[in-house]
Amino acid sequence: MFMFLFLVVALAVVVAAVTLAVVGGGESAVLPDVAPERLQDPLPLDRPVGRDDVESLRFPVAARGYRMSDVDDALTRLGAELAERDARITDLESALAGARAASRVTMDKPAEGTEQ
């Protein structure tokens, strides 16, 4: 019997608290929309992205994971940086191969005016 009375009183307290919160709140008590959390420390725009930049990159958590726009922006930037570096490496390797080939031709070619 004691447990039943305790549950009835607890239920009455909960109903009263909810009623007061709903009725007493009015229009001004509605919580304002919170601005979405944004990426605080994005990748630097004034210099190439380094390993430390990628390791320190932390995305804010949204309702269902990470904000897709922040992750997409970071991945797009990293993809562009990697493509630029790959193109630079390819250019440097081809220039090096050309220089090596030219030095081999120069070394194999006898000097003019000398007889063999």
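See the structure shown above.
What counts, and where the lines are drawn
- Throughout this document, residue positions are counted from 1 along each chain, in the order its sequence is written.
- Two thresholds apply to this predicted model, a pLDDT of at least 70 for residue-level local features and 80 or more for giving and counting side-chain atom pairs, whereas whole-chain, interface and lining totals are computed over all residues.
- Only heavy atoms go into the side-chain values, all of them from the structure, while hydrogens and water stay out.
- Numbering of helices and strands runs from the N terminus, with a helix taken as a DSSP run of H or I at least four residues long and a strand as a DSSP run of E at least two residues long.
- By definition, residues are in contact when any of their heavy atoms lie within 4.5 Å.
- Residue burial considers only the protein chains on display, and all accessible areas are found by Shrake-Rupley using a 1.4 Å probe.
- The aromatic pairing rule takes the rings of Phe, Tyr and Trp, using the six-membered ring of Trp, and pairs them if the centres are within 6.5 Å, calling planes under 30 degrees apart stacked, those over 60 edge-to-face and the rest tilted.
- Cavities and pockets are defined on a 1 Å grid built over the protein atoms alone: a cavity is a set of grid points where a 1.4 Å probe fits but cannot escape, while a pocket is an open set with protein on both sides within 12 Å along at least five of seven lines, and lining residues are those with an atom within 4 Å of any such point.
- Grid points are joined across faces, edges and corners, and a volume is the space filled by probe spheres set on the points.
- To qualify as a nonpolar core, a set must consist of buried Ala, Val, Leu, Ile, Met, Phe, Trp, Tyr and Cys residues joined through side-chain atoms within 4.5 Å.
- Exposure categories follow from relative accessible area, calculated using a 1.4 Å probe and restricted to protein chains: below 20% of the type maximum is buried, above 50% is exposed, and the middle band is partly exposed.
- What counts as a salt bridge is simple: a side-chain nitrogen of Lys or Arg found within 4 Å of a carboxyl oxygen of Asp or Glu.

**Examining the overall build of the protein**
Looking only at helices and strands, the protein features 3 helices and 2 strands. Element order for the protein, N to C, with α for helix and β for strand: α-α-β-β-α. Long-range contacts, defined as pairs at least 24 residues apart, comprise 50% of the intrachain contacts of the protein with a sequence gap of at least 6. With an accessible surface of roughly 10400 Å², the protein has 64% of that area assigned to carbon and sulfur atoms.

**Remarks on the packing of aromatic side chains**
In the structure shown here, the tally under the stated rule is 1 aromatic pair. Consider the rings of F59 and Y66, whose centres lie 6.0 Å apart with planes at 65 degrees: the pair is edge-to-face.

**Brief notes about the layout of surface pockets**
Space inside the largest pocket adds up to approximately 170 Å³. Contributing to the lining of the largest pocket are R38, L39, P42, L43, L45, L57, D70, D73, A74 and R77.

**Some details on the nonpolar core**
The biggest cluster of nonpolar side chains holds 5 residues, and these are L39, L43, V49, L57 and A74. When neighbours within four sequence positions are excluded, L57 is seen to be in contact with L39, D41, L43 and A74.

**Focus on the pattern of salt bridges**
In the structure shown here, the tally under the stated rule is 5 salt bridges. Two residues, R51 and E55, come together in a salt bridge whose shortest N-O distance is 2.8 Å. Residue R51 and its partner E55 are located together in helix α2 (residues 51-56), separated by 4 residues, close to a single helical turn. With its nearest N and O atoms 3.9 Å apart, the salt bridge here joins D70 to R67. Judged by relative accessible area, which is 5%, D70 ranks as buried. For R67, a relative accessible area of 23% gives the class partly exposed. A single salt-bridge network, built from bridges that share partners, covers R77, E81 and R85.

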